[in-house]
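The lines below spell out each chain.
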Amino acid sequence: MASTPPSRRNFLALAGFTALSVSMTAACGSGASGGGPSADGKVTFEWWNIATTEPGKSLFPQISSAFTAAHPKVAIDTTSLENEAFKSKLTATTSSGRLPDVFQTWGGGVLQQQVDAGLVEDLTDVLDWSTDLTPVSLQPYRFGGRTYGVPYDIGMVGFWYNKKLFAKAGITAPPATWAEFLDDVRKLKAAGITPIALAGKEKWPGHYYWAYLAMRVAGLPALQQAATTKDFTGAGFVRAGVHLKELVDLQPFQTGFLGAGYATPGGQAATIGNGKAAMELMGQWGPSVHKDAGAGLGADLGFFPFPVVDGGVGQATEVFGGGNGFALRKGAPKEALDFLKFLVLDNQSKLLASNGYLPVVKGAESQLADANKKVVAASLVKATGFQLYLDQAYAPAVGQEVNDSVADLIAGKKTPEQVTTSITEAAKSA
């Protein structure tokens, strides 16, 4: 996943698995946070994840129970938090210099910052099974040739849409260009259909639009360069905001979208899942949350990639997204890494069968049964470029400013120029 991490790095590498075990035992013995061996030799470690919706809500506890049943001297203390609650709690925990033994990560600038603070275990020399994983799934967790996380899911953001509502509006094929996309929004509105569901309250879903438009207009290298120069005021970024404002001016979102959550009752996913909006821009997990929050669309659900923009230099084969992974705090018990291997390799088939995840193990894409998931996986295979979510790729303060400024643009509180200026100011001060 193409992202440019900060130039100053403080890598804390260990030589091998034995050294890892020693460092972990020493850390636990010195009173570090997290789990470790008790007097009777039983090891307990913490596991923080975001599995509050299906299929992870049911699947993750099953996997955890299966691991502890096979390893009776291991106990897992699990904390499952909703996405935003998790980010807030982990930020506070990171600030205090303490991290859970195993914690959810999306990689990028956030993980880089935790690595630079010396809080994350370097897995490079102990992840001997990394060769079983696809390179693109590992990329968000790699800095300077070192690996600091283990992926369990990888995918891309695109449009999930309701085929029945498209047909009702007279739309016979998904749009390939931004101009066609805007025309389809007009057709949906003319047919009395809400075109797009958006969780305006949570902000991160809105940043997908600006990020993709920036990729399509300015090109993927421009986003990478901006991360280095800390300057997002270029014409391509301004044009991305102008195009987003074109969409916003059509009033395409559901009533009350500015106060809507994502997976909450009546939120973005439920609006799509209950057939009350025609489409959403969301990642590979979208369909499973549709079913969890609403009824789900079944055979009426379709997927199409983000359209190209006329005059833009970005390609349709450049995709935006990311995956889900886990990292270990520095000094976590070695059993924590054993658990991650069990979760990812031994349970890859279960993860894919749940229809909530996409494969990270080489060759596992052949196990996909869902037609839409196959489309997403095929798009990833053909991808000529990959950009990690901007609120994860960049330093936390910059990513937050992207979310906040784009949300202000969508709410009519900022101009396209003000968005780029605000993000640049955050980048220069980060």
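Refer to the preceding data block for the structure.
In this text the structure is predicted, and so the values were computed from the model without any measurement.

Draft legend 1. Structural detail: the overall build of the chain. Of regular secondary structure, the chain possesses 18 helices and 12 strands. The C-alpha atoms of the chain give 21 Å as radius of gyration, which agrees with the globular expectation for 430 residues (22 Å, within 12%). Seen along its three principal axes, the alpha-carbon backbone of the chain occupies a region of about 70 × 45 × 35 Å. Looking at the 430 residues of the chain, the share that counts as buried comes to 56%. By sequence separation, contacts in the chain at least 24 residues apart represent 77% of the contacts at least 6 residues apart. Working note: accessible area of the chain is about 16400 Å², and carbon and sulfur atoms make up 53% of it. Within the chain, one finds 36 positive and 37 negative side-chain charges whose respective centroids are separated by 2 Å.

Draft legend 2. Examining the nonpolar core more closely. One finds W210, L244, L247 and M279 to be the most contacted residues of the largest nonpolar core, which totals 131 residues. Per element, the largest residue contribution to this core is 10 residues, and it comes from helix α8 (residues 204–218). Beyond its immediate chain neighbours, meaning those up to four positions away, L247 contacts W178, F181, L182, V185, I196, Y209, P252 and F253.

Draft legend 3. Just the packing of α8 against helix α17 (residues 396–410), in detail. Remark: α8 packs on α17, axes separated minimally by 8 Å, with the N-to-C direction vectors making an angle of 85 degrees. Classified by the angle their axes make, α8 and α17 are roughly perpendicular. Listed contacts from α17 to W204, G206, H207 and W210 of α8 are V402, N403, V406 and I410. Of the residues assigned to the contact of α8 with α17, the class counts are five nonpolar, three polar and no charged.

Draft legend 4. Unusual backbone geometry, seen in detail. With an omega of 10 degrees, the peptide bond between E54 and P55 qualifies as cis. Of note in this structure, K230 is not a glycine but carries a positive phi near 60 degrees. Looking at the element boundaries, K230 is found in the loop between α9 (220–229) and α10 (235–248). Positive phi values are uncommon outside glycine, yet Q251 reaches one of about 50 degrees. The residue Q251 is located in the loop between α10 and α11 (268–273) in this model. For Q251, a relative accessible area of 62% corresponds to the exposed category.

Draft legend 5. Just the packing of α17 against helix α18 (residues 416–429), in detail. Running from amino to carboxyl end, α17 crosses α18 at an angle of 165 degrees, the nearest separation of the two axes being 9 Å. Viewed along their axes, α17 and α18 adopt a mutual orientation that is roughly antiparallel. Crossing handedness for the pair α17 and α18: right-handed. Every residue of α18 that contacts α17 at A397, V398, E401, V402, S405, V406 and L409 is listed here: P416, V419, S422, I423, A426 and A427.

Draft legend 6. Spotlight on the sheet that holds strand β9 (residues 279–282). Here three strands make up an open sheet; going across it, the order is β9-β8-β10 and the pairing antiparallel. Unpaired on one side and paired on the other, β9 and β10 (301–304) mark the two borders of the sheet. Neighbour to neighbour, the strand axes of the sheet diverge by 25 degrees on average, direction disregarded. As defined by bridge partners, strand β8 (residues 158–162) adjoins β9 across four bridges and the pair is classed as antiparallel. In the sheet register, G158 faces β9, and the bridge partner there is M282. Lying on the sheet, α8 is in contact with β8 and β9; it crosses β9 at an angle near 80 degrees.

Draft legend 7. Representation of the pattern of salt bridges in the model. For the structure shown, the criterion picks out 11 salt bridges. Note that D183 is salt-bridged to R186, the shortest N-O span being 2.8 Å. Here D183 pairs with R186, and both are found in helix α7 (residues 178–190), just three residues apart, close to one helical turn. Looking at R186, the relative accessible area reads 40%, which means it is partly exposed. Taken together, the salt bridges that share partners define one network made up of E84, K87 and D391.

Draft legend 8. Region of the structure containing α18. Between its first and last C-alpha, α18 extends 21 Å over 14 residues, near the 20 Å set by a 1.5 Å rise per residue. Listed as buried for α18 are P416, V419, T420, S422, I423, T424, A426 and A427. Each element contacted by the buried residues of α18 is listed here: α8, α10 and α17.

Draft legend 9. Looking closely at the side chain of K414. Within the secondary structure layout, K414 lies in the loop between α17 and α18. A polar contact is formed between the side chain of K414 and the side chain of S405, at a distance of 3.0 Å. One polar contact links K414 to S422, side chain to side chain, over a distance of 2.8 Å. Here K414 is in contact with E401, S405, D408, L409, V419 and S422, once residues within four sequence places are set aside.

Draft legend 10. Examining α7 more closely. Over its 13 residues, α7 extends 18 Å from the first C-alpha to the last, a length consistent with the 18 Å expected when each residue adds 1.5 Å. Along α7, the positions that sit buried rather than exposed are W178, F181, L182, D184, V185 and L188. Viewed along the axis of α7, the buried residues span an arc of 155 degrees, placing them on a single side of the element. Lining the buried residues of α7 we find β8, α6 (163–168), α8, α10 and β9. A positive backbone phi angle near 80 degrees is found at G192, which sits one or two residues after α7.

Analysis parameters
Residues numbered from 1 in each chain as written. Predicted model: local features only at pLDDT ≥ 70, side-chain atom pairs only at ≥ 80, totals over all residues. Heavy atoms only, no water. Helix = DSSP H or I, 4+ residues; strand = E, 2+ residues; numbered from the N terminus. Rg over C-alpha atoms; globule rule 2.2 N^0.38 Å. Buried < 20%, exposed > 50% of the residue type's maximum accessible area, 1.4 Å probe, protein only. Contact = heavy atoms within 4.5 Å. Areas by Shrake-Rupley, 256 points an atom, 1.4 Å probe, with all protein chains shown as cover. Lys, Arg positive; Asp, Glu negative; His and termini not counted. Charge placed at Lys NZ, Arg CZ, Asp CG, Glu CD. Core = buried A, V, L, I, M, F, W, Y, C linked by side-chain atoms within 4.5 Å. Axes fitted to C-alpha atoms, helices over the stretch in contact; angles between N-to-C directions. Parallel < 35°, antiparallel > 145°, perpendicular 65-115°, else oblique. Nonpolar A, V, L, I, M, F, W, Y, C, P; charged D, E, K, R; others polar. Left-handed = near helix turned anticlockwise from the far one by under 90°. Pairing = 2+ DSSP bridges. Salt bridge = Lys/Arg side-chain N within 4 Å of Asp/Glu carboxyl O. Expected span 1.5 Å × (residues − 1). Polar contact = N/O pair within 3.5 Å; in protein donor to acceptor, adjacent residues only side chain to side chain. Arc of directions from axis to C-beta.

Shape descriptors only; they carry no functional weight alone.
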